[in-house]
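Notes for the structure review
Each chain is listed here by its residues.
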Amino acid sequence: VNCIFLHNPNFLSEFYSNSRLHHISTLGLALKDYVNDLRERHQGDFPGRIEMNFSRNSGPPGQKVIMHIDMDCFFVSVGLRSRPHLRGLPVAVTHSKGGRNPVSADKSFKDLPGIDEEAAEENSKNILGVGSSGKSLSLSEIASCSYEARQKGIKNGMFMGTALKICPDLKTIPYDFSQYREVSYILYDSIARYTLDIEAVSCDEMFVDLTDLLATTGVSCEDFVTHIRAEIKQKTNCPCSVGIGENRLLARLATRKAKPDGQYFFPRENIPNFMQDVPLKDLPGVGRSTCEKLGENGWINCGDLQGVPLSRLQKDFGKKSGENLFQLCRGQDNRPLNFCQQRKSVSTEVNYGIRFTKKSELETFLRQLSEETAKRLREVGLKGKSVTLKLMIRAQDAPVETAKFMGHGICDHIAKSSPLTTFTDDPETIFQAIWKISEELNIPPEDLRGIGVQVTKLNKSDAGKPPQSSVMDLFNQMKAKPKLQKLPEARKAENTEEKLPPTMPDLDPEVLKALPEELREEILRDYSEWKKVQNSAQEKTPTKSPPSAKIEPKPETMIRKKAPGLISSSNILGKKNWMDIVTQWVNSSDCPKTCDVEHLSRNAREFVRAKDIVDLHSQLEYLFLLINQKNNCNWHKSYRFLIQEVQREMLLIYEIKLKISNKFNCGQCE
């Protein structure tokens, strides 16, 4: 009983097959990958736009239109497709059917993996509470409930026992994960027939940028939303609600007004007035602690906050958070939609059935988690370079026996990470890393109630075959044809006019003037020393120089001073044809791949460590000019990440930042 997993080698697979949270999160990640795949394979045709045959009435040109789609009571709606006789009744989706066995309607608890008769009896004592009448009350949670059930006071997350006391005639239906998956893909495919400007949120929710679609087709926003809602309902037999606004905040708030099974257009006129009654807790980024702090000042709704000066908000909540509150309470939201979401982590977590009595049991379970995590990495074709061990530890005052049988109860949370030497999906490598973390933390095994293994800093597992249109792929294509990029004649003329020492003709004066004084002096000093060494070497070198004394010619665009061994052979920015590679990379896609951005970031940091700041400045300025012309927020975000990494390295080595362009002509992400 104490170690369920030890009695069944299939514990993890069976646990996840019955875990709704696992299915929901996995399906959500799969749909984000699916949208990325649709964008990469798209041929430019949208059949849905051709089939639309209603009136054209385009709005103001360039007006931003964001649509938020949310399926109504998703789990319940899908379950009612095969149970039409329950429509209009209070319905809940749960594992339990009330006072009976809360695990499944078709299987007794003793049939679960690793549970014997004694454990089943213990279950009846722990998983069921007892009401005033003496009847057992199920502690199984409600995952979703119908609007009819909500009108009677039932809420998602409520225990079934409590719900049945409030609504004795509550009907329950089981989970149907295969149907959830089917309906989710129908939803996404329906929208993809019209546009791929989609930000996947979850299995039943998404944001869609309709700006291009409406401008191209001339269809009115109201007509299109009515049309797409009818199409989704006809294909899925499930209702959805749609909110429309000029940004993602207003679109999501509009959806709340549209529910259930409706549509609402957030008015563009006098938005601050319409925002006044919106609760502050409904704003993004406003959690429980922030709400409590706001409430202490009597600020409950957005209208309460609209009269508060920006300086006061920044003083109480910090510069960034204060500015966000100031803008959001007025309906202003500059966050762009993320059309190309990259997976950031792969994890395996268990918060049920964790009851160890000795260290060897913990070791066995960590090994199983490592194998499951490695399996998931291979399934999505990724490898990771950092691993994190997450632990849920019984709180100091929490009872040993939890109210819910084998549940985690009240816990403290600890997470600790460790870097790996290389990208890997090897289970043994992952296990060794997390076991070392476990040994360092030295938590008593009997106090553990939940364990998770997470792998981050991901990269494609087929390292020998970089993704299509990747910067490394372009580098490999061009490797055989290096092309020397020369400075324009105008730039050379400018260089000759600068009052620099004659011994330093290869430094760009414009770049030097942009650098901080301390860094400029260090570069000039280092360069002068290098020049002396070079001149001395040339004087001593005979006509036929041995290999050790040979001085390789450098391209004119690269500074002659290089710290040996710090610029790797795979460094894109260190190649003669770096301008060609970077140009083709930026022009090859609307959304840069994470692995490419991280690779270029490593390349740039190598230049900082090599004290090759002059060339790095020129290369970053060139990249800025290319990306600024694209007017694409995904590229803007990637460039800012690159600059952030460079500045971090600059502060680490020089304790000053590099003066570099980072403001794009973009009204959204700026």
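First, a word on what this report is: a plain description of the structure on this page. Predicted, not measured: the structure shown is a model, and the values here were computed from it. (Residues numbered from 1 in each chain as written. Predicted model: local features only at pLDDT ≥ 70, side-chain atom pairs only at ≥ 80, totals over all residues. Heavy atoms only, no water.)

1. Looking at unusual backbone geometry
In the segment running from Lys-259 into Pro-260, the intervening peptide bond is cis, with an omega of -5°. Positive phi is not limited to glycine here, since Cys-73 has a value of about 45°. As for its placement among the helices and strands, Cys-73 is situated in the loop between β1 (66–71) and α4 (74–80). One non-glycine residue, Lys-457, adopts positive backbone phi at about 55°. In this fold, Lys-457 is placed in strand β14 (residues 448–460). Looking at Lys-457, the relative accessible area reads 55%, which means it is exposed. (Helix = DSSP H or I, 4+ residues; strand = E, 2+ residues; numbered from the N terminus. Buried < 20%, exposed > 50% of the residue type's maximum accessible area, 1.4 Å probe, protein only.)

2. Observations regarding the packing of helix α17 (residues 359–379) against helix α18 (residues 427–441)
At a closest axis distance of 8 Å, the pairing of α17 and α18 adopts a crossing angle of 140°. By the criterion of interaxial angle, the relationship of α17 to α18 is oblique. In this structure, α17 crosses over α18, and the sense of that crossing is right-handed. Of α18, the residues touching α17 (which contributes Lys-359, Leu-362, Glu-363, Leu-366, Arg-367, Ser-370, Glu-371, Ala-374, Leu-377 and Arg-378) are Pro-427, Glu-428, Ile-430, Phe-431, Ile-434, Trp-435, Ser-438 and Glu-439. (Axes fitted to C-alpha atoms, helices over the stretch in contact; angles between N-to-C directions. Parallel < 35°, antiparallel > 145°, perpendicular 65-115°, else oblique. Left-handed = near helix turned anticlockwise from the far one by under 90°. Contact = heavy atoms within 4.5 Å.)

3. Describing the pairing of strand β12 (residues 382–394)
When β12 meets β14, the two strands line up antiparallel, connected through 11 bridges. The residue of β14 that forms the bridge with Val-387 is Val-455. (Pairing = 2+ DSSP bridges.)

4. With respect to α18
Taking 1.5 Å of rise per residue, the 15 residues of α18 would be expected to cover 21 Å, and the 21 Å separating its terminal C-alpha atoms lies within 8% of that figure. Every buried residue belonging to α18 is among Ile-430, Phe-431, Ala-433, Ile-434, Trp-435, Ile-437 and Ser-438, and all of these are buried. On the buried face of α18, the contacting elements are α17, β12, β13 (411–424) and β14. One or two steps after α18, the chain reaches Asn-442, where phi turns positive at roughly 55°. (Expected span 1.5 Å × (residues − 1).)

5. Focus on empty space enclosed by the protein
One pass over the full model with this rule turns up two cavities of 30 Å³ or more. Taken as a whole, the largest cavity holds about 50 Å³ of empty space. Around the largest cavity, the lining residues are Trp-585, Val-597, Leu-600, Leu-623, Ile-627, Trp-635, Ser-638, Tyr-639 and Leu-642. Broken down by secondary-structure element, the contributors of at least two residues to the lining of the largest cavity are α24 (594–609), α25 (613–630) and α26 (633–653). The leading source of residues in the lining of the largest cavity is α26, at four residues. Grouping the amino acids of the lining of the largest cavity by side-chain chemistry returns eight nonpolar, one polar and no charged. Space inside the second largest cavity adds up to approximately 40 Å³. Considering the residues around the second largest cavity, the lining is formed by Leu-573, Trp-578, Val-582, Leu-600, Gln-619, Leu-620, Leu-623 and Leu-642. When residues of the lining of the second largest cavity are traced back to their parent elements, those giving at least two are α23 (578–587) and α25. With three residues, the single largest contributor to the lining of the second largest cavity is α25. Tallied by class, residues from the lining of the second largest cavity come to seven nonpolar, one polar and no charged. (1 Å grid on protein atoms, 1.4 Å probe; cavity = no way out; pocket = protein on both sides within 12 Å on 5 of 7 lines; lining within 4 Å. Points joined across faces, edges and corners; volume = space filled by probe spheres on them. Nonpolar A, V, L, I, M, F, W, Y, C, P; charged D, E, K, R; others polar.)

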